[in-house]
Amino acid sequence: MELSISFTKDTAKYIQIYEEIKIAIINKKLCAQDKLPSKRALAKTLNVSIHTVQEAYEQLLAEGYIYSKERLGYFIAPFEFEWDQHLQEHSSSASTATSHTINYDFHNGHVDKGAFPFTSWYKLLKKHLNMENLIISPWQGEWTLREEIAHYVARSRGVQCEASQVFVYSGTQNQLQALCHFFGLNAHVGIEDPGFKRVCSTVQQCGLFAHAIPVDQSGITIPNESLHLIYTTPAHQFPLGMVMPIERRAAILQWATSNGAFIIEDDYDSEFRFKGLPIPSLAKMDQLQRVIYFGTFSKTLIPSLRISYMILPHSLVNDYMLFHQDQKSVVSKIDQLALAEFIAQGLFDKHLAKMRTIYRKKQQVLLEAIHAHFSEEFKVIGEKSGLHIVVKLPSWLTEQNAIQLAMQVGIAVYPCSASYQQGSQEAMVIIGYGGLTLEQIQEGIALLASVW
């Protein structure tokens, strides 16, 4: 199969590839079960990067136009109906979304790339890139890294555990999938509402029953439902940002004990608390009896490292090991060894101290800029910790309008409504600041105020 695409300059190349293939599928020029060219082959044919083709394929995959087979490639998905869709050349919702150049991206998942310790990390990667380390790691993770993680959570969060309780994964969704499969299809899972939308999607994709548990000013509320698991972010609720007080922490632990349920505590950015003393983790209070502890290095180091970890109660370890005994590691052995030594040498703690100072200053500049340029009708919440805040919008400005106006001047802010399972009554936007410079934060907020 050959695909010929003539690129224009007004739209990203991956969108044009996506559009051309989509139109060909709808018009039956590409038939069900037809195999698409490999990413490498199509990239060579079109003289674009493999990443560009990958983005196009991923969009087609997400919309169901194609499907993938492991080690075989991508294929056209079958359609059992005729689809008479009116198509305009080079026009789609995807292209509309990217019609504005974004100069100030206030994404909550971005970090300060310039502060990453490249020199130290490169030395460790170079050291561990040798013949002995070209084999795959144990599926649970490298023992040295599991030991270092156990030491780290003990000194930083007061969580006392053994290395055998620590399991290394390639992200929160990956370890949540493994946990869902372990608990099985009959399990009922409570999820914060609002909360991480990918958590809800993961639970549902795994076939488990997902229950929206409302959040109030203290965090997730005590469930009325009978649940096996409940997912919560007590150190910095996502997205609203409240810190769960000790009374609610004690209550949710008591609920879990009384109901024989387990709490998934996602401590995703607890390292960055800017007001007051660190709040004890649920895992510390409970000492890993009913708490399953999630941690990640995406915020503390870089998201592309793709290393996270899950710490299980002793009562679950043996059964979990048996259930997943045929799995393979999903994290690079070399990256794991480099990270283990990075922590062991004290470089991680040193890096964290530096990043706390950097992010504290960035947040201060952000809050000062909002105070200087916006009226009191714009209310900031969730500023006590983490790398994002939430802004409640005045009654005359909807969430959608706010985002569209921002985009028109090259600014990306993000909807809070996307985090709700049962709808939101308030107009709010999420503003992250980790990936922007101090100057960009000041300029971006000033420019935002000119259109809001």
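Residues numbered from 1 in each chain as written. Predicted model: local features only at pLDDT ≥ 70, side-chain atom pairs only at ≥ 80, totals over all residues. Heavy atoms only, no water.

## A few points about the overall build of the protein
Line of reasoning, step 1. Scanning the protein from terminus to terminus reveals 15 helices and 16 strands.
Line of reasoning, step 2. By principal-axis analysis of the C-alpha atoms, the protein measures approximately 60 × 60 × 50 Å.
Line of reasoning, step 3. Put simply, of all contacts in the protein between residues at least 6 apart along the chain, 73% involve residues at least 24 apart.
Line of reasoning, step 4. Counting every atom, the protein has about 21,900 Å² of accessible surface; 51% of that belongs to carbon and sulfur.
Line of reasoning, step 5. Side chains of the protein carry 39 positive and 44 negative charges; the gap between the two charge centres is 6 Å. (Helix = DSSP H or I, 4+ residues; strand = E, 2+ residues; numbered from the N terminus. Contact = heavy atoms within 4.5 Å. Areas by Shrake-Rupley, 256 points an atom, 1.4 Å probe, with all protein chains shown as cover. Lys, Arg positive; Asp, Glu negative; His and termini not counted. Charge placed at Lys NZ, Arg CZ, Asp CG, Glu CD.)

## Focus on the pattern of salt bridges
Line of reasoning, step 1. If you walk through the whole model with that rule in mind, you get eight salt bridges.
Line of reasoning, step 2. Salt-bridge contacts for K127 lead to E341; the nearest nitrogen and oxygen are separated by 2.8 Å. Pair noted here: K127 is in helix α5 (residues 118-128) and E341 is in helix α12 (residues 333-344), with a separation of 214 residues, a long-range link.
Line of reasoning, step 3. In this structure, the salt-bridge partner of R248 is D216, at a minimum N-O distance of 3.0 Å. Of this pair, R248 sits in helix α9 (residues 246-259) while D216 sits in strand β6 (residues 209-216); the two residues are 32 residues apart in sequence, bridging distant segments of the chain.
Line of reasoning, step 4. Residue classification places R248 among the buried residues on the basis of a relative accessible area of 15%. (Salt bridge = Lys/Arg side-chain N within 4 Å of Asp/Glu carboxyl O. Buried < 20%, exposed > 50% of the residue type's maximum accessible area, 1.4 Å probe, protein only.)

## Some words on the pairing of strand β8 (residues 229-232)
Line of reasoning, step 1. Here β8 shows no split at all, with L229 and Y231 on one side and I230 and T232 on the other all buried.
Line of reasoning, step 2. For strand β5 (residues 188-193) and β8, the ladder comprises three bridges, and the chain directions are parallel. Residue pairing in the sheet places I191 in a bridge with Y231 of β8.
Line of reasoning, step 3. In this sheet, strand β9 (residues 262-266) lies alongside β8 in parallel orientation, the contact comprising four bridges. Paired with T232 across the strands is E265, a residue of β9.
Line of reasoning, step 4. The β-α-β motif built from β8, the intervening α9 and the parallel element β9 has right-handed crossover chirality. (Pairing = 2+ DSSP bridges. Right-handed = clockwise from strand over helix to strand, strands pointing away.)

## Focus on the nonpolar core
Line of reasoning, step 1. With 76 residues, the main nonpolar core has F297, V413 and W452 as its most contacted residues.
Line of reasoning, step 2. When residues in this core are grouped by element, the largest group, eight residues, is from helix α13 (residues 347-373).
Line of reasoning, step 3. Each residue touching W452, except ones within four places of it in the same chain, is listed here: F374, F378, L393, W396, L397, A402, L405, A406, V413 and V429.
Line of reasoning, step 4. Counting residues in each nonpolar core, the second largest holds 38 residues, with Y169, Y231, L240 and M242 among its members. (Core = buried A, V, L, I, M, F, W, Y, C linked by side-chain atoms within 4.5 Å.)

## Looking at the packing of aromatic side chains
Line of reasoning, step 1. According to the stated counting rule, one finds 25 aromatic pairs in the structure shown.
Line of reasoning, step 2. Pairing F297 with Y309 gives two aromatic rings, centres 5.6 Å apart and planes at 50 degrees, and the pair type is tilted. Of this pair, F297 sits in the loop between β10 (291-296) and β11 (308-311) while Y309 is found in strand β11, placing the two residues 12 residues apart along the sequence. Assigned by exposure class, F297 and Y309 land together as buried.
Line of reasoning, step 3. Clustering of aromatic rings is evident, with ring pairs tying together F116, F118, W121, Y152, Y293, F297, Y309, F342 and F348.
Line of reasoning, step 4. In this structure, R290 is placed above the aromatic ring of F262, and the distance from its NZ or CZ to the ring centre is 4.0 Å. (Phe/Tyr/Trp six-rings, centres within 6.5 Å; stacked < 30°, edge-to-face > 60°. Lys NZ or Arg CZ within 6 Å of the ring centre and 35° of its normal.)

## A look at the sheet that holds β6
Line of reasoning, step 1. What the eight strands build is an open sheet, ordered β4-β11-β10-β9-β8-β5-β6-β7; its pairing is mixed. The two strands at the open ends of the sheet, each matched to only one other strand, are β4 (166-169) and β7 (219-220).
Line of reasoning, step 2. Helix-sheet contacts for α9 involve β6, β7, β8, β9 and β10, and the interaxial angle to β9 is about 145 degrees. (Axes fitted to C-alpha atoms, helices over the stretch in contact; angles between N-to-C directions.)

## Some remarks on the sheet that holds strand β13 (residues 388-392)
Line of reasoning, step 1. With antiparallel pairing, four strands are arranged side by side in an open sheet as β12-β13-β16-β15. The open sheet is flanked by β12 (379-381) and β15 (414-415), the only strands paired with a single partner.
Line of reasoning, step 2. Relative to β13, β12 is paired through three bridges, and the arrangement is antiparallel. Paired with K379 across the bridge in β13 is K392.
Line of reasoning, step 3. Packed on one face of the sheet, α13 meets β12, β13 and β16 (428-432) and runs near 15 degrees to β13.

## Remarks on empty space enclosed by the protein
Line of reasoning, step 1. Enumeration according to the criterion identifies one cavity of 30 Å³ or more in this entry.
Line of reasoning, step 2. Of the voids in this model, the largest cavity is the one considered here, and its volume is about 40 Å³.
Line of reasoning, step 3. Lining the largest cavity we find I370, F374, F378, V391, I431, I445, L448 and W452.
Line of reasoning, step 4. Grouping the amino acids of the lining of the largest cavity by side-chain chemistry returns eight nonpolar, no polar and no charged. (1 Å grid on protein atoms, 1.4 Å probe; cavity = no way out; pocket = protein on both sides within 12 Å on 5 of 7 lines; lining within 4 Å. Points joined across faces, edges and corners; volume = space filled by probe spheres on them. Nonpolar A, V, L, I, M, F, W, Y, C, P; charged D, E, K, R; others polar.)

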